Amino acid sequence: MQALTTPDKKRDSLNIFLVGNNPIELGHIYDKLKQIKHKTYHAEIGFNLKGLYKKIINSNPSCILIDDNFDRSYMKSLVKRLSSGMKTRHIPITIIKNSNYSEAYLADAQEYILKDGITSESLSRSILNAIKFKSMHAYLYKQYKKEKSRITQFFSK
């Protein structure tokens, strides 16, 4: 698998891992990434589901974009594994959806974007929102643990 990179190195760069089973649709998403003016995106694409988890870990992405064209049970297990895996739970997930209907099994994703009418700006905003949300969640969890231990120590004296 060859990595795809947008050409300008002067801008901020993010690693993105695209997961999907339709090369044409993922090609359109990649084209939208190339059109973004304020950041560069290094994108890896995973079509083959075999070894996908290892490929994601090895690419060390800033965000994972998942096309929801997969079978419902596979999507559920993929999102669950990525959001709870020791090596991947820190990586934000954005789901690229075909419809606006909510799916309970996708609750572990940080962001959603509809394919219909997707623009480079909306894609960039969605990726950055997912990254910010995941960072905020990690910060709040760390602060919660810190304060919980301080309160426990205070009452145990």
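Our structure is the block above this text.
Here we summarise the structure given alongside this text.

Parameters at a glance
- Residues numbered from 1 in each chain as written.
- Predicted model: local features only at pLDDT ≥ 70, side-chain atom pairs only at ≥ 80, totals over all residues.
- Heavy atoms only, no water.
- Axes fitted to C-alpha atoms, helices over the stretch in contact; angles between N-to-C directions.
- Helix = DSSP H or I, 4+ residues; strand = E, 2+ residues; numbered from the N terminus.
- Left-handed = near helix turned anticlockwise from the far one by under 90°.
- Contact = heavy atoms within 4.5 Å.
- Nonpolar A, V, L, I, M, F, W, Y, C, P; charged D, E, K, R; others polar.
- Pairing = 2+ DSSP bridges.
- Right-handed = clockwise from strand over helix to strand, strands pointing away.

Moving on: the packing of helix α2 (residues 52-59) against helix α3 (residues 72-84). At a minimum axis separation of 12 Å, α2 and α3 run at an interaxial angle of 35°. Crossing angle aside, the handedness with which α2 passes α3 is right-handed. Residues L52, Y53 and I56 of α2 form the contact with α3, whose own contacting residues are Y74, L78, R81 and L82. Residues belonging to the contact of α2 with α3 are distributed by class as follows: 6 nonpolar, no polar and 1 charged.

Moving on, we come to unusual backbone geometry. One non-glycine residue, N60, adopts positive backbone phi at about 50°. Looking at where N60 falls in the secondary structure, it is placed in the loop between α2 and β4 (63-67).

Pairing analysis gives 8 bridges linking strand β2 (residues 12-19) to strand β3 (residues 39-46), with the strands arranged parallel. Paired with I16 across the strands is A43, a residue of β3. Between the parallel elements β2 and β3, the chain passes through helix α1 (residues 23-34) in a crossover that is right-handed. In terms of strand pairing, β2 meets β4 through 4 bridges, oriented parallel. Note that in β4 the partner of L18 across the bridge is L65.

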